[in-house]
Amino acid sequence: MRLALRMLTSRKGSMIGAILAITVGILVIHVNFVIFQGLYDAFVRDMKAYRFGDIYVTNEEDYIDKSDALLVGWFERIPQVSAAAPRLSSSASINATGTGMRYEEFGIPIIGVDPRYDTRASAMHETVTQGQYVTSRSSMVLGATVARDLGDVQVGDNIRVKIVDRWGIDQFRRFSVSGISESAGGAGFDTSVIMHIETLRDIIDRGGESGSMIVRLNEPTAAANVRDLFLAAFPADDFKAETIEESAESQLAGFRSGIAMINMIGLFGMMSAAFAIVTIQMMIVGGKTREIGIMRAIGARRKDILVIFIVQGMLMGVMGAAAGTAVGLGYTMYAKETKMTFSGSVALEVSYNWPAIARTALLAFGLSVAASMYPSYRATKLLPVEAMRYG
Amino acid sequence: MADAVLEISGLSKVYGGGKPGAVSTQALRDVSLTVARGEFMLIVGSSGSGKSTLLNMIGLLDRPTTGSIRIDGVETASLPDGELSSFRSSRLGFVFQFSNLLAELTVIENVELPQKILGGSKRLPLPSELLAAVGMVDHMHKRANAISGGQAQRAAIARGLANGPSIVLADEPTGNLDSKSAAATIDLMKSMARELAQTFVIVTHDRHQFGDVDRIVSIKDGMAHEGEHL
């Protein structure tokens, strides 16, 4: 061990090069994790907070016809449930007149909410950056993009909305803009409008019906249990209840592929570090031929020589993994403390994934040891007399 | 010969010639000799005569083409590689021309190394006592690359004795030293041989440096002759 360490430190430049290669490999994986897993988790966080809750309930065949009070009451009796709220969706054409110009936008998604329930069950109201959330049945919140596209509509302006009801008849209403919703990332309501659920029910003639019910839990890990409990409680209804992972699956699948691809790039970086170690170990073996011959001459067996060079690989692996993990954790801590964002995007949801951190460090260590195998084997094949003659 | 530590008979070594068309060189031809325990013996010869090849064969660093080498009564020619290493570790000590101490270790760590390789089954001299005996006790904690050539060779002698070998094999041990250091090294080896009844087999091209020795074997054109025949 001592000899292995001293042989290694006698070639400081090579040793530092190998350790740096491992450090950078690990750092790449950590940075990728912080950025891409952070984006993924932020997206999940926002999808959950704004759109799906911890559990998202719909009716497989039609609209939900059970009353809001019944369903909300049923959910809120469960200790793990924090709140529940009904939602109803449709789409609208909206026009606004400003500075002598008439602007019109088509196919704008509408979300009908009950502010009494929704402010407890979701964070949708927190996206309102100007004005107020839905304050009355004749007011609505415009997404920031919609407001801009309608000629920079401001809070207090009037807009005209056309919605097709359930019978295919155009319904026209006037609304005042109570607020503007704007949020970073793609999970908010910048391209939608929000109105009172009762207003929307009246317009599309869906009195007492909802499109979905979002449920917020105070114990998110209980989502599957609460979902199963709910489905078991209403066996005759065609309810579909999904956890956030299930309801947002289509949006998350793409993200996961991206993360897997980026992790592959990190692994390739780590493989490059392994090649660097092979090269450096070969250089060390080449430079220590005479010493290997001497040790063989005084009785060292092939396995003793093998152990020396494997231990060198282990030492490089330990030092590289420790340095890489330390630097990676430093970056993670920085990202978490500064609530890192990129060009105004959603703030990363940075977390310490200790199993993944340990796996990365172990992988680096394993690769370092594996990369030492061939040079170590080469060292054992040296004949003592040849090694001393040509070393 | 009574209590022979080394018995060589019919030893030949041919280099090359394994492949068709390759030129072969016969380095040793039918060498037979016996060395008694405690003998201080020189193998002399001119450059290329085969004396180092013979030493490598005795040191089990290279294998003979034909013939037999018995050390402490054990036939070594047929030993597998792993057992050869163990045999070297327990029965042979080496002193090389360039001392060949490991630069990464201190002087005393170099002397301890053969004992660590051998393991704990044999009663062995303390490294510090060996270094005291060769006059290196004041330098034992210095790195091997921080001492002079003469000091390094003294430390190498201590290392050669550290495993309590049956034979110490020395290949041109004074070849890289100035005349004063060379004389001191030779005196040291002789006194060690006397005090420890240690067998020394020394290859040299300069027999006159060594003065009186127990025995001289000359090698010429790969053949061994008793006495000085150069």
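Not measured: the values here are computed from a predicted model. (Residues numbered from 1 in each chain as written. Chains lettered and ligands numbered in written order. Predicted model: local features only at pLDDT ≥ 70, side-chain atom pairs only at ≥ 80, totals over all residues. Heavy atoms only, no water.)

### Focus on the overall build of chain B
Turning to step 1, where the next piece is worked out: Within chain B, the regular secondary structure consists of six helices and ten strands.
Turning to step 2, where the next piece is worked out: Taking the intrachain contacts of chain B between residues at least 6 apart in sequence as the baseline, contacts between residues at least 24 apart amount to 69%. (Helix = DSSP H or I, 4+ residues; strand = E, 2+ residues; numbered from the N terminus. Contact = heavy atoms within 4.5 Å.)

### Description of the overall build of chain A
Turning to step 1, where the next piece is worked out: Along the backbone of chain A there are 13 helices and ten strands.
Turning to step 2, where the next piece is worked out: Burial analysis of chain A (391 residues in total) assigns 50% to the buried set. (Buried < 20%, exposed > 50% of the residue type's maximum accessible area, 1.4 Å probe, protein only.)

### Re the packing of helix 11 (residues 302-337) of chain A against helix 12 (residues 354-380) of chain A
When two helices pack together, their arrangement is given by the angle between the helix axes and the distance between those axes.
Residue and element names in this part refer to chain A.
Turning to step 1, where the next piece is worked out: Where helix 11 contacts helix 12, the two axes come as close as 7 Å, and the packing angle between them is 150 degrees. What the angle tells us is that helix 11 and helix 12 run roughly antiparallel. Crossing geometry of helix 11 relative to helix 12 is assigned as right-handed.
Turning to step 2, where the next piece is worked out: Among the residues forming the contact of helix 11 with helix 12, the class breakdown is 18 nonpolar, seven polar and one charged. (Axes fitted to C-alpha atoms, helices over the stretch in contact; angles between N-to-C directions. Parallel < 35°, antiparallel > 145°, perpendicular 65-115°, else oblique. Left-handed = near helix turned anticlockwise from the far one by under 90°. Nonpolar A, V, L, I, M, F, W, Y, C, P; charged D, E, K, R; others polar.)

### A word on the environment of isoleucine 357 of chain A
Residues and elements named next belong to chain A.
Turning to step 1, where the next piece is worked out: Mapped onto the elements, isoleucine 357 comes out in helix 12.
Turning to step 2, where the next piece is worked out: For the pair isoleucine 357 and threonine 325, spaced 32 residues apart in sequence, the C-alpha to C-alpha distance is 7.3 Å.
Turning to step 3, where the next piece is worked out: Apart from residues lying up to four places away in sequence, isoleucine 357 is in contact with His30, Thr325 and Leu329.

### Regarding a negative patch on the surface
Turning to step 1, where the next piece is worked out: The grouping of Glu60, Glu61, Asp62, Asp65 and Asp238 of chain A at the surface amounts to a negative patch.
Turning to step 2, where the next piece is worked out: Within the secondary structure layout, aspartate 238 of chain A lies in the loop between helix 7 (223-233) and strand 10 (239-243). (Patch = residues over 30% accessible without salt bridge, like charges linked within 9 Å, V, L, I, M, F, W, Y side chains within 5 Å. Areas by Shrake-Rupley, 256 points an atom, 1.4 Å probe, with all protein chains shown as cover. Salt bridge = Lys/Arg side-chain N within 4 Å of Asp/Glu carboxyl O. Lys, Arg positive; Asp, Glu negative; His and termini not counted. Charge placed at Lys NZ, Arg CZ, Asp CG, Glu CD.)

### Digging into unusual backbone geometry
Turning to step 1, where the next piece is worked out: Look at aspartate 205 of chain A: it is not a glycine, yet its phi comes out positive at around 60 degrees.
Turning to step 2, where the next piece is worked out: On the accessibility criterion, aspartate 205 of chain A (36% relative accessible area) is partly exposed.
Turning to step 3, where the next piece is worked out: The backbone phi angle of glutamate 172 of chain B is positive, close to 45 degrees, even though this residue is not glycine.
Turning to step 4, where the next piece is worked out: Tracing the backbone shows glutamate 172 of chain B in the loop between strand 7 (167-171) and helix 6 (179-196).

### Re the sheet that holds strand 10 (residues 223-226) of chain B
Residues and elements named next belong to chain B.
Turning to step 1, where the next piece is worked out: Strand order in the open sheet formed by six strands is 6-7-8-3-9-10, and the pairing between neighbours is mixed. In this open sheet, the two strands that pair with only one neighbour each are strand 6 (92-95) and strand 10. With strand direction ignored, the average angle separating the axes of adjacent strands in the sheet is 20 degrees.
Turning to step 2, where the next piece is worked out: Across five bridges, strand 7 lies against strand 8 (residues 199-204) in parallel orientation. From the neighbouring strand, aspartate 171 faces strand 8, where its bridge partner is valine 203.
Turning to step 3, where the next piece is worked out: Contacts from helix 5 (residues 149-161) reach strand 6, strand 7 and strand 8, with the element oriented near 170 degrees to strand 6. (Pairing = 2+ DSSP bridges.)

### Considering the packing of aromatic side chains
Ring pairs (aromatic) are described by centroid distance and by the angle formed between their planes.
Turning to step 1, where the next piece is worked out: In total, this model carries twelve aromatic pairs over all chains according to the counting rule given.
Turning to step 2, where the next piece is worked out: Ring centres 5.5 Å apart and planes at 70 degrees place the aromatic pair tryptophan 74 of chain A and phenylalanine 230 of chain A in the edge-to-face group. Residue tryptophan 74 of chain A is found in helix 3 (residues 68-76), and its partner phenylalanine 230 of chain A is found in helix 7; the two are separated by 156 residues along the sequence.
Turning to step 3, where the next piece is worked out: Here tryptophan 74 of chain A falls in the buried class, since its relative accessible area comes to 15%.
Turning to step 4, where the next piece is worked out: Ring plane angle 35 degrees and centroid distance 5.5 Å describe the contact between phenylalanine 40 of chain B and phenylalanine 200 of chain B, whose orientation is recorded as tilted. Here phenylalanine 200 of chain B lies in strand 8 and phenylalanine 40 of chain B lies in strand 3 (residues 40-44), a separation of 160 residues in the sequence.
Turning to step 5, where the next piece is worked out: For phenylalanine 40 of chain B, a relative accessible area of 5% puts it in the buried group.
Turning to step 6, where the next piece is worked out: For phenylalanine 200 of chain B, a relative accessible area of 0% gives the class buried.
Turning to step 7, where the next piece is worked out: Grouping aromatic residues by their ring pairs yields a cluster made of Trp74, Phe75, Phe230, Phe234 and Phe239 of chain A.
Turning to step 8, where the next piece is worked out: When the ring centre of tyrosine 117 of chain A is taken as reference, the NZ or CZ atom of arginine 116 of chain A above it lies at 5.0 Å. (Phe/Tyr/Trp six-rings, centres within 6.5 Å; stacked < 30°, edge-to-face > 60°. Lys NZ or Arg CZ within 6 Å of the ring centre and 35° of its normal.)

### Digging into the pairing of strand 9 (residues 212-217) of chain A
Here is the key point about a regular strand: its side chains alternate between the two faces of the sheet.
All names here are of chain A.
Turning to step 1, where the next piece is worked out: Across the six residues of strand 9, five count as buried, placing the element largely inside the fold.
Turning to step 2, where the next piece is worked out: Here strand 1 (residues 55-59) pairs with strand 9 via three bridges, running antiparallel. Following the sheet pairing, tyrosine 56 is matched in strand 9 by isoleucine 214.

### Let's talk about the environment of alanine 123 of chain A
Residues and elements named next belong to chain A.
Turning to step 1, where the next piece is worked out: Along the chain, alanine 123 falls in the loop between helix 4 (115-121) and strand 4 (128-131).
Turning to step 2, where the next piece is worked out: With 70 residues separating them in the primary sequence, alanine 123 and glycine 53 have C-alpha atoms 9.4 Å apart.
Turning to step 3, where the next piece is worked out: When near neighbours in sequence (up to four residues on either side) are disregarded, alanine 123 contacts Ala49 and Tyr50.

### Quick notes on the interface of chain A and chain B
Turning to step 1, where the next piece is worked out: Chain A puts 22 residues into the contact, and the matching count from chain B is 24 residues.
Turning to step 2, where the next piece is worked out: Across the chain A/chain B interface, buried area totals approximately 2000 Å², and carbon plus sulfur atoms make up 58% of it.
Turning to step 3, where the next piece is worked out: It is Arg6, Ile298 and Val385 of chain A that lose the most area in chain A upon contact with chain B, and together they represent 30% of the buried surface on that side.
Turning to step 4, where the next piece is worked out: At the boundary of chain A and chain B, one finds two salt bridges.
Turning to step 5, where the next piece is worked out: A salt bridge links arginine 296 of chain A to aspartate 81 of chain B; the shortest N-O distance between them is 3.2 Å.
Turning to step 6, where the next piece is worked out: Where chain A meets chain B, there are six residue pairs in polar contact (both at pLDDT 80 or more).
Turning to step 7, where the next piece is worked out: For the side of chain A that touches chain B, the secondary structure elements donating two or more residues are helix 1 (2-9), helix 10 (289-297), helix 11 and helix 13 (384-390) of chain A.
Turning to step 8, where the next piece is worked out: Looking at the side of chain A that touches chain B element by element, the count peaks at six residues for helix 10 of chain A.
Turning to step 9, where the next piece is worked out: When grouped by side-chain class, the residues that make up the side of chain A that touches chain B number ten nonpolar, two polar and ten charged. (Buried area = accessible area lost by both parts, 1.4 Å probe. Polar contact = N/O pair within 3.5 Å; in protein donor to acceptor, adjacent residues only side chain to side chain.)

### Considering the pattern of salt bridges
Turning to step 1, where the next piece is worked out: Taken as a whole and assessed by the stated rule, the structure comprises 27 salt bridges over all chains.
Turning to step 2, where the next piece is worked out: One salt bridge connects arginine 302 of chain A with aspartate 81 of chain B, and the closest N-O pair in it is separated by 3.2 Å. Taken as a pair, arginine 302 of chain A in helix 11 and aspartate 81 of chain B in helix 2 (residues 81-91) lie in two separate chains rather than in one.
Turning to step 3, where the next piece is worked out: Judged by relative accessible area, arginine 302 of chain A falls into the partly exposed class, the value being 26%.
Turning to step 4, where the next piece is worked out: Among the residues examined, aspartate 81 of chain B registers a relative accessible area of 27% and is labelled partly exposed.
Turning to step 5, where the next piece is worked out: A salt bridge links lysine 13 of chain B to aspartate 62 of chain B, with the shortest nitrogen-to-oxygen separation between them at 3.6 Å. Taken as a pair, lysine 13 of chain B in strand 1 (residues 4-15) and aspartate 62 of chain B in the loop between helix 1 (51-58) and strand 4 (66-71) lie far apart in primary sequence, 49 residues in all.

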